[in-house]
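# Working through the structure, step by step
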Amino acid sequence: MLASKKTNLKPILESKDGVHLTAYLVNRGDLIDIKSQLRTTISEAYEWLDTAMTSEERNKFLEPLDSLLIDARIFKQMRGNIGIFRNEDMFRILNIPIDVDQNCQVATSFHVKPLLRWLQGDQEFLFLGLEKESAHLYLGSQDTFKLLDSIMFPEFFKVSDNSSNYSSEKKAETFSWVNDWILGLTKHSNPKLFVAGEASLVKALNRKLKYKNAVLNPVSNSFHKSSAIESAQNIRKILKEDTKMSLEKALLEFRFAEESNRSKKNIFQIAKSVVQGKVRKLIVTDEINIFGKIDQKTGGIAIHPFDQDHEDDCILDDLAQMVLSQGGEVVIAKRHEIPKGRPILAILDDEGFPMEKTEKFQYEDLQERFG
């Protein structure tokens, strides 16, 4: 059964309360360098946890990281950069095929903006290749591509130059079976599905295909297993353009929301709107961190000039997690892509409320610091 990357990351994205350690390591292909970064991470973590745990609790919490220094073979299997996530109930190491900055953060939730950027820019996709007597289903992303399953068509359906020998009923029956095969594999995940194959096969498939996230126009009018990689490269280009257009669409949506008083660009107001469940879409940069604490009941925030203790977290990160947990959407952007270089924008379901004087003073200070 196909499980999406987002489903696999869900426990990390939704985890909150208690001590959470997040570390990102830069993989330059040098194991000694990775271990040096890990050693720095462990040293910083011991300092952060000094006041949060007893010595025994701290040693137990960091034991999995200490073990990695002794046996770091798992890093040899990773082609991308590395994410390490540790709380009292979880220890996970992820291969992350995007650029990250080396850092270590201890907070009450995981630091997930890099993961959200990964999900946004590295969309998974399905690719169905139709041959004369078979169909092949692949799962891919910007970094991976693998065959999930293949099926042979029934004996009565062997496409030939004289395809009129095969009734439309038999073709319909075959592609209804193909549809059931695809739906059976995608019960818990439905990435965008692309198709390649001879025109009559694709046309017959489209008549029976009930997969909701299918692209009906084929990426190629022919298919052979040897050409699957070439098709995957074309699909990756399409999805990269889709990612770019999604950001442009979100920014355009924000401008429309401004006209109807359904937007916020002040982080203090946004925090209150998020706590109230009013934010439908959040646009946030992952290029800066704004450390502090959020009152989960009122939405009030206290901003600190730096990461003060094990309960401090990046407020942008926390707000993104809260919006996702409420069923909203989060779009990650570079600062120069957001109007006036703001760190965060929000699109609301309901009208907002006026800024309080104390918040206005703090917000002006933020503008001076972050632009």
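Our structure's up above, just so we're on the same page.
Residues numbered from 1 in each chain as written. Predicted model: local features only at pLDDT ≥ 70, side-chain atom pairs only at ≥ 80, totals over all residues. Heavy atoms only, no water.

## Some words on the packing of helix 2 (residues 31–48) against helix 3 (residues 55–70)
Taken N-terminus to C-terminus, the directions of helix 2 and helix 3 make an angle of 170°; their axes are 10 Å apart at the nearest point. Classified by the angle between their axes, helix 2 and helix 3 sit roughly antiparallel to one another. Facing helix 2, whose interface residues are Lys-35, Leu-38, Arg-39, Thr-41, Ile-42, Ala-45 and Tyr-46, helix 3 presents Arg-58, Asn-59, Leu-62, Leu-65, Asp-66, Leu-68 and Leu-69. For the contact of helix 2 with helix 3, a count of residues per class yields eight nonpolar, two polar and four charged. (Axes fitted to C-alpha atoms, helices over the stretch in contact; angles between N-to-C directions. Helix = DSSP H or I, 4+ residues; strand = E, 2+ residues; numbered from the N terminus. Parallel < 35°, antiparallel > 145°, perpendicular 65-115°, else oblique. Contact = heavy atoms within 4.5 Å. Nonpolar A, V, L, I, M, F, W, Y, C, P; charged D, E, K, R; others polar.)

## So, unusual backbone geometry
Backbone geometry at Asp-17 places phi at a positive 75°, although glycine is not the residue there. For Asp-17, a relative accessible area of 59% translates into the label exposed. We note that Lys-340 has phi near 60°; this positive angle belongs to a residue other than glycine. (Buried < 20%, exposed > 50% of the residue type's maximum accessible area, 1.4 Å probe, protein only.)

## Some words on the side chain of Lys-281
Among the secondary structure elements, Lys-281 is positioned in strand 10 (residues 279–285). Only 2.7 Å separates the side chain of Lys-281 from the side chain of Glu-253, close enough to count as a polar contact. Leaving out residues up to four positions away in the same chain, Lys-281 has contacts with Ala-250, Glu-253, Glu-329, Val-331, Leu-345, Ala-346 and Ile-347. (Polar contact = N/O pair within 3.5 Å; in protein donor to acceptor, adjacent residues only side chain to side chain.)

## Quick notes on the sheet that holds strand 4 (residues 103–109)
Sheet strands pair via backbone hydrogen bonds, and the direction of the pair is either parallel or antiparallel. In space, the four strands of this open sheet follow the order 3-2-1-4, with antiparallel pairing throughout. Each having just a single partner strand, strand 3 (90–96) and strand 4 make up the two edges of the open sheet. Strand-to-strand twist across the sheet, computed as the mean angle between neighbouring axes with direction ignored, equals 15°. Two strands pair when backbone bridges link them, and strand 1 (residues 16–25) and strand 4 are joined in this way by six bridges, in the antiparallel orientation. What sits directly across from Lys-16, in strand 4, is Ser-109. The strands that helix 1 (residues 5–14) touches are strand 1, strand 2 (81–87) and strand 3; relative to strand 3, the one it contacts most, it runs at about 125°. (Pairing = 2+ DSSP bridges.)

## Considerations on a negative patch on the surface
On the surface, Glu-56, Glu-57, Glu-88 and Asp-89 cluster together to form a negatively charged patch. Examined against the element boundaries, Glu-88 turns out to sit in the loop between strand 2 and strand 3. We classify Glu-88 as exposed; its relative accessible area is 60%. (Patch = residues over 30% accessible without salt bridge, like charges linked within 9 Å, V, L, I, M, F, W, Y side chains within 5 Å. Areas by Shrake-Rupley, 256 points an atom, 1.4 Å probe, with all protein chains shown as cover. Salt bridge = Lys/Arg side-chain N within 4 Å of Asp/Glu carboxyl O. Lys, Arg positive; Asp, Glu negative; His and termini not counted. Charge placed at Lys NZ, Arg CZ, Asp CG, Glu CD.)

## Description of helix 1
For helix 1, the set of buried residues is Lys-5, Leu-9, Ile-12 and Leu-13. For helix 1, the buried positions fall inside an angular range of 95° around the axis, keeping them on one side. Considering only its buried residues, helix 1 is in contact with strand 2, strand 3, helix 4 (113–121) and helix 9 (315–325). (Arc of directions from axis to C-beta.)

## Examining the pattern of salt bridges
Tallying each qualifying case throughout the model produces twelve salt bridges. Arg-79 is the partner of Asp-143 in a salt bridge, and the nearest nitrogen-oxygen pair spans 3.6 Å. On the criterion of sequence distance, the pair formed by Asp-143 in the loop between strand 6 (134–140) and strand 7 (145–152) and Arg-79 in the loop between helix 3 and strand 2 is long-range, its members being 64 residues apart. Residues joined in a network through salt bridges with shared partners are Glu-253, Arg-280, Lys-281, Glu-329 and Asp-349.

## Regarding the environment of Leu-348
With respect to the element layout, Leu-348 can be found in strand 15 (residues 344–348). Judged by its relative accessible area of 0%, Leu-348 is buried. Leu-348 sits 75 residues away from Ser-273 along the chain, and the two C-alpha atoms are 7.8 Å apart.

## Description of the packing of aromatic side chains
Counted according to the given criterion, the structure contains ten aromatic pairs. Between Tyr-138 and Phe-223, the ring centres sit 6.5 Å apart and the planes meet at 65°, which makes this aromatic pair edge-to-face. A residue pair is termed long-range when its members are at least 10 positions apart, and Tyr-138 in strand 6 and Phe-223 in the loop between helix 6 (199–208) and helix 7 (228–259) qualify at 85 residues. In this pair, the class of Tyr-138 matches that of Phe-223, namely buried. Ring pairing ties together the aromatic residues Phe-125, Phe-127, Tyr-138, Phe-145, Phe-194 and Phe-223, which thus form one cluster. Taking NZ or CZ as reference, Arg-86 lies 5.0 Å from the ring centre of Phe-61, over its face. (Phe/Tyr/Trp six-rings, centres within 6.5 Å; stacked < 30°, edge-to-face > 60°. Lys NZ or Arg CZ within 6 Å of the ring centre and 35° of its normal.)

## Structural notes on the packing of helix 1 against helix 4
Two elements in contact, helix 1 and helix 4, have axes separated by 11 Å at closest approach and are oriented at 165°. With respect to helix 4, the axis of helix 1 lies roughly antiparallel. In this structure, helix 1 crosses over helix 4, and the sense of that crossing is left-handed. On helix 4, the residues touching Lys-5, Lys-6, Leu-9, Ile-12 and Leu-13 of helix 1 are Leu-115, Leu-116, Trp-118 and Leu-119. (Left-handed = near helix turned anticlockwise from the far one by under 90°.)

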